[in-house]
Amino acid sequence: RTHAYIELGGSPRASLSLAEMSRASAYILGRDYVLPEDVYRVFVPVLNHRIVMNRQSRIDHVTKDRVLSEILKGVEKPAERKNR
């Protein structure tokens, strides 16, 4: 919600949609649990129409896909659990 090119970020409903689509992605791939990859896979398509870009983004010809991809790259993936 705090990116230089975003006027209005995703709402709590956007977070719920992201969770639902992540579960759907896992289900389609034959799993009954969600992996971080499921969230990453659906992040851009789910949030794309839920954010509002600011005037500067239009001046700089920056797309929503680019901004969302940058945001996603900045999120650290959870560490894998090691067998003990």
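The structure under discussion appears in the preceding block.
## Let's talk about the nonpolar core
The tendency in soluble globular proteins is for nonpolar side chains to be buried as a group.
Part 1 of the reasoning: One finds Leu18, Phe43, Leu47, Ile51, Met53, Val67 and Leu68 to be the most contacted residues of the largest nonpolar core, which totals 16 residues.
Part 2 of the reasoning: If you list the elements that add at least two residues to this core, you get helix 1 (12-28), helix 2 (36-48) and helix 4 (64-73).
Part 3 of the reasoning: A per-element tally of this core places helix 2 first, with six residues.
Part 4 of the reasoning: The contact partners of Leu47, leaving out residues within four places of it in the chain, are Gly10, Ala14, Leu18 and Leu68.

## Considering the pattern of salt bridges
Proximity of charged atoms lets side chains of opposite charge pair with each other.
Part 1 of the reasoning: Across all of its chains, the model carries three salt bridges by this definition.
Part 2 of the reasoning: Residue Arg31 is joined to Asp38 by a salt bridge in which the shortest nitrogen-to-oxygen separation is 2.7 Å.
Part 3 of the reasoning: The class for Asp38 is buried, based on a relative accessible area of 0%.
Part 4 of the reasoning: Residue Glu70 pairs with Arg66 through a salt bridge whose shortest N-O separation is 3.3 Å. With Glu70 and Arg66 both in helix 4 and four residues apart, this pair spans about one turn of that helix.
Part 5 of the reasoning: Taking relative accessible area as the criterion, Glu70 reaches 36% and is therefore assigned partly exposed.
Part 6 of the reasoning: By relative accessible area, Arg66 is classed as partly exposed at 43%.

Here is what the cut-offs are and how they apply
Residues numbered from 1 in each chain as written. Predicted model: local features only at pLDDT ≥ 70, side-chain atom pairs only at ≥ 80, totals over all residues. Heavy atoms only, no water. Core = buried A, V, L, I, M, F, W, Y, C linked by side-chain atoms within 4.5 Å. Buried < 20%, exposed > 50% of the residue type's maximum accessible area, 1.4 Å probe, protein only. Helix = DSSP H or I, 4+ residues; strand = E, 2+ residues; numbered from the N terminus. Contact = heavy atoms within 4.5 Å. Salt bridge = Lys/Arg side-chain N within 4 Å of Asp/Glu carboxyl O.

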